[in-house]
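# Analysis of the macromolecular model
One letter stands for each residue in the lines below.
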Amino acid sequence: MPEWVRQGFREYARRLPPQCALRLVEIPAARRGKGADLPRLVRQEGERMRAALPKGALVVALDLRGACWDTPQLAQQMRGWLSGGRDVALLVGGPEGLAEELRARADRLWSLSPLTLPHPLVRILVAEQLYRAWSILQGHPYHR
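This section reports on the structure supplied with the text.

The rules we used
- Residues numbered from 1 in each chain as written.
- Predicted model: local features only at pLDDT ≥ 70, side-chain atom pairs only at ≥ 80, totals over all residues.
- Heavy atoms only, no water.
- Helix = DSSP H or I, 4+ residues; strand = E, 2+ residues; numbered from the N terminus.
- Buried < 20%, exposed > 50% of the residue type's maximum accessible area, 1.4 Å probe, protein only.
- Contact = heavy atoms within 4.5 Å.
- Pairing = 2+ DSSP bridges.
- Right-handed = clockwise from strand over helix to strand, strands pointing away.
- Core = buried A, V, L, I, M, F, W, Y, C linked by side-chain atoms within 4.5 Å.
- Axes fitted to C-alpha atoms, helices over the stretch in contact; angles between N-to-C directions.
- Parallel < 35°, antiparallel > 145°, perpendicular 65-115°, else oblique.
- Nonpolar A, V, L, I, M, F, W, Y, C, P; charged D, E, K, R; others polar.
- Left-handed = near helix turned anticlockwise from the far one by under 90°.

Turning next to the overall build of the protein. Assigned secondary structure in the protein consists of 5 helices and 3 strands. Start at the N end of the protein and walk to the C end: the helices and strands fall as α-α-β-α-β-α-β-α. If one aligns the C-alpha atoms of the protein with their principal axes, the spans along those axes are about 50 × 30 × 25 Å. Relative to its 144 residues, the protein shows a buried fraction of 39%. Nonlocal contacts in the protein, meaning residues at least 24 apart in sequence, comprise 75% of its contacts between residues at least 6 apart.

A separate point is the pairing of strand E1 (residues 58-67). In terms of burial, E1 is largely enclosed, as 7 of its 10 residues are buried. Pairing of E1 with strand E2 (residues 88-91) involves 4 bridges; the strand directions are parallel. Each bridged residue has a counterpart across the sheet, and for Ala61 the counterpart in E2 is Leu91. The handedness of the E1 to E2 crossover, carried by helix H3 (residues 71-84), is right-handed.

Moving on: the nonpolar core. Judged by nonpolar contacts, the single largest core of 24 residues is most densely connected at Leu74, Met78, Trp81 and Trp110. No other element matches the 9 residues that helix H5 (residues 119-138) contributes to this core. With residues near it in sequence (within four places) discarded, Met78 still touches Cys20, Leu130, Ala133, Trp134 and Leu137. Residues Met49, Ala57, Ala89 and Leu98 belong to the second largest nonpolar core, which totals 10 residues.

The interhelical angle for the contact between H3 and H5, taken along N-to-C directions, is 80°, at an axis separation of 8 Å. With respect to each other, H3 and H5 are oriented roughly perpendicular. Side by side, H3 and H5 meet where Thr71, Pro72, Leu74, Ala75, Gln76, Met78, Arg79, Trp81 and Leu82 of the first sit next to Gln129, Leu130, Arg132, Ala133, Trp134, Ile136 and Leu137 of the second. Looking at the contact of H3 with H5 residue by residue, the class counts come to 11 nonpolar, 3 polar and 2 charged.

For the pair helix H1 (residues 3-15) and H5, the least separation of the axes is 8 Å and the interaxial angle reads 15°. Between H1 and H5, the crossing angle belongs to the class labelled roughly parallel. Pair H1 / H5 crosses with left-handed handedness. Counting all contacts with H1, which are made through Trp4, Val5, Gly8, Phe9, Tyr12 and Arg15, the residues of H5 involved are Pro120, Leu121, Arg123, Ile124, Ala127, Glu128 and Tyr131. Counted by class, the contact of H1 with H5 contains 9 nonpolar, 1 polar and 3 charged residues.

Limitation: the analysis is restricted to geometry and does not speak to function.
What follows is the structure, given as structure tokens:
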């Protein structure tokens, strides 16, 4: 990822307190060449993502078919996540999306937008929205 993406993600991740730490785990996308077997590549990426999930985590898959939460609704989701005492794994698929197995495994599906967003922006957008949701829960003036 370009440095501006790393900086943007770090900026919002560092603002979150330890009890709401945001950690990025990147699963490299498989190479896509001419004539690549895309369904097989998506399944393989899904297997690597599944293997990286923390044991017992609540899995939230970012998917176009998921629920569209406004920021106050995301804050309420976060309240539940924080009180649940489990790690939360937010899954973002590769260029062709998430493997169906991961979608089926997810406890929740979350749609950021009906728009197709580039992965660099998704990374920053999710981090910023999580910080914004946390600020609402804390009564912090960031969310106005």
